[in-house]
Amino acid sequence: MHILLVRHGQSTNNVIEAEVGDCPDFYQRRQVDPPLSSLGEQQAAALGRHLGAQLATSATQGRVHLACSCMARAMQTVAPLSTALGVDPLVRPDCVERHGFFSEDKTGTRTEQPAPTCDDVLRRFPKYDVSRLASEPRLSGSVETLAEARARAARVAAELLATARGTEAPELLVMVAHAGVFVEPPDTNLTPRPKYPNP
């Protein structure tokens with residue numbers, strides 16, 4: 001099984017962060033679950049056009065699977081590709097960005113916010129596979145720590161490895177998620193690390 005990791009298109013939070021940087025003003029202006037920006041929508045459409053054309057034959061033969069995080073920007077990014085291929089993506093709550101869904105007040109205190117439920121997603125994306133999502137809003141009680149994010153990334157990687165070794169593995173899995181899932185936290189990411197550090 002080959003895995004194609006795709007970062008979501010530009011979100012409205014990305015636009016704000018590019019404008020003001022990673023600072024208190026950004027956290028006051030950001031949304032908990034931002035949509036794609038207009039550029040992000042164009043990027044998602046381009047993904048659907050280009051990758052959709054390349055994978056169309058394999059998809060009709062059932063050899064391509066799609067997955068995405070349950071954050072709006074990832075679900076929006078995979079939508080044009082899903083339409084182009086006629087493949088419904090599996091929505092994975094374990095592939096969200098580090099810290100998950102949270103808000104931050106003026107003192108810098110972060111508060112966990114609920115992830116979307118099955119019904120929340122199906123209202124926007126009726127064909128998505130929401131079998132891994134909760135039917136009711138859930139909170140763990142705190143914002144995810146770095147150690148918890150590392151453990152989550154390790155579980156995702158282990159599951160993907162087990163799937164790849166199984167007899168039902170697709171030829172290709174396209175996973176749309178977040179940079180933090182792929183390159184952070186260190187030591188448990190899904191991307192191979194170079195044997196030697198760059199000079």
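Right above here is the structure, for reference.
These figures come from a predicted structure and were not determined experimentally.

A. Just the overall build of the chain, in detail. Tallying secondary structure elements over the chain gives seven helices and six strands in all. When the elements of the chain are put in sequence order from the N terminus, they spell out β-α-α-α-β-α-β-β-β-α-α-β-α. Its C-alpha atoms give the chain principal-axis dimensions of about 55 × 40 × 40 Å. Each of the 199 residues in the chain was classed as buried or not, and the buried ones make up 40%. Look at the contacts in the chain between residues 6 or more apart in sequence, and 69% of them connect residues 24 or more apart.

B. Layout of the pattern of salt bridges. This model, assessed by the stated rule, comprises eleven salt bridges. Put simply, R29 and D25 hold a salt bridge, and the shortest N to O gap is 3.5 Å. Taken together, the positions of R29 and D25, both in helix 2 (residues 24-29) and four residues apart, correspond to about one turn of that helix. Judged by relative accessible area, which is 36%, R29 ranks as partly exposed. Each of R92, D94, R132 and E159 takes part in one network of salt bridges that share partners.

C. Region of the structure containing the nonpolar core. Ranked by size, the top nonpolar core spans 28 residues in total, and within it L66, C68, L85, V91, V121, Y128 and V174 carry the most contacts. Mapped by element, the contributors of at least two residues to this core are helix 3 (38-60), strand 2 (64-69), helix 4 (72-85), helix 5 (118-124) and strand 6 (172-177). If you tally residues by element for this core, the top one is helix 4, at five residues. Contacts of V91, omitting those with residues within four sequence positions, involve C68, S69, C70, M75, V121, Y128, D129, V130, R132 and L133.

D. Molecular detail of unusual backbone geometry. Phi angles above zero are rare outside glycine, and H99 is one such case at about 80 degrees. You can see H99 is positioned in the loop between strand 3 (90-92) and strand 4 (102-104). Judged by its relative accessible area of 22%, H99 is partly exposed.

E. Layout of the packing of helix 3 against helix 4. At a closest axis distance of 7 Å, the pairing of helix 3 and helix 4 adopts a crossing angle of 35 degrees. As for the relative orientation of helix 3 and helix 4, their crossing is right-handed in sense. Every residue of helix 4 that contacts helix 3 at E41, A44, A45, L47, G48, L51, G52, L55, A56 and A59 is listed here: Q76, T77, P80, L81, A84 and L85. A breakdown of the residues in the contact of helix 3 with helix 4 according to their chemical character gives eleven nonpolar, four polar and one charged.

F. Molecular detail of the state of the cysteines. With the rule as written, the count across this model stands at zero disulfides. Counting only cysteine sulfurs, C70 is the nearest neighbor of C68, a cysteine outside any disulfide, at a range of 8.4 Å. Residue C68 is classed as buried on the basis of its relative accessible area of 1%. The class of C70 is buried, set by a relative accessible area of 1%.

Cut-offs and rules
Residues numbered from 1 in each chain as written. Predicted model: local features only at pLDDT ≥ 70, side-chain atom pairs only at ≥ 80, totals over all residues. Heavy atoms only, no water. Helix = DSSP H or I, 4+ residues; strand = E, 2+ residues; numbered from the N terminus. Buried < 20%, exposed > 50% of the residue type's maximum accessible area, 1.4 Å probe, protein only. Contact = heavy atoms within 4.5 Å. Salt bridge = Lys/Arg side-chain N within 4 Å of Asp/Glu carboxyl O. Core = buried A, V, L, I, M, F, W, Y, C linked by side-chain atoms within 4.5 Å. Axes fitted to C-alpha atoms, helices over the stretch in contact; angles between N-to-C directions. Left-handed = near helix turned anticlockwise from the far one by under 90°. Nonpolar A, V, L, I, M, F, W, Y, C, P; charged D, E, K, R; others polar. Disulfide = S-S within 2.5 Å.

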